[in-house]
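Remarks on the overall topology
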Amino acid sequence: MTNTAPPEPMRIDVLRLILVGLGVWALALVLTLAVPALHTGARQWWPWSCVCGLILGGLGYLYVWRGRGNASSA
């Protein structure tokens, strides 16, 4: 067997990735509020899950933006 070095980790712009996720949560919130069948009856919690996704994504964005999510300093 040959001894090969492990591949290098991919470089990803995490802030951009978080912003894309926030955009998806915002789109989901707009859709659930625009279509009455998606927020009535047993699905009345769906808009709140979108709001929670936006809040947690915003907190994650602030965490990474301040530099605490930087794996190179770990």
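The present account deals with the structure reproduced in this document.

Basis of the calculations
Residues numbered from 1 in each chain as written. Predicted model: local features only at pLDDT ≥ 70, side-chain atom pairs only at ≥ 80, totals over all residues. Heavy atoms only, no water. Helix = DSSP H or I, 4+ residues; strand = E, 2+ residues; numbered from the N terminus. Buried < 20%, exposed > 50% of the residue type's maximum accessible area, 1.4 Å probe, protein only. Contact = heavy atoms within 4.5 Å. Salt bridge = Lys/Arg side-chain N within 4 Å of Asp/Glu carboxyl O. Expected span 1.5 Å × (residues − 1). Arc of directions from axis to C-beta. Polar contact = N/O pair within 3.5 Å; in protein donor to acceptor, adjacent residues only side chain to side chain. Phe/Tyr/Trp six-rings, centres within 6.5 Å; stacked < 30°, edge-to-face > 60°.

Attention now goes to the environment of Trp 46. Mapped onto the fold, Trp 46 is located in helix α2 (residues 46-65). You can call Trp 46 partly exposed: its relative accessible area is 29%. Note: C-alpha distance between Trp 46 and Ala 28 (18 residues apart in sequence) is 9.1 Å. Leaving out residues up to four positions away in the same chain, Trp 46 has contacts with Thr 32 and Leu 38.

Let's shift gears to the pattern of salt bridges. Where charged atoms from two side chains of opposite charge come close, those side chains can pair. Applying the stated rule across the entire model yields one salt bridge. We note a salt bridge from Arg 16 to Asp 13, for which the minimum N-O separation is 3.7 Å.

As a further point, take helix α1 (residues 14-34). Under the 1.5 Å per step criterion, the end-to-end length of α1 is 30 Å for 21 residues, consistent within 8% with the ideal 30 Å. Taken as a whole, α1 has its buried residues at Ile 18, Leu 22, Leu 29 and Thr 32. Take α1 and look down its axis: the buried residues cluster within an arc of 90°, on one side only. In α1, the exposed positions angled more than 90 degrees off the buried face are occupied by Arg 16, Leu 17, Val 20, Val 24, Leu 27, Val 30 and Ala 34. Against α2 lie the buried residues of α1.

This part takes up the side chain of Thr 32. Here Thr 32 shows up in helix α1. Since its relative accessible area comes to 7%, Thr 32 is described here as buried. From its side chain, Thr 32 meets the backbone oxygen of Leu 29 in a polar contact 2.9 Å long.

Going through the model one piece at a time under the given rule, you end up with one aromatic pair. Measuring from ring centre to ring centre gives 6.1 Å for Trp 45 and Trp 46, while their planes differ by 80°; the resulting arrangement is edge-to-face.

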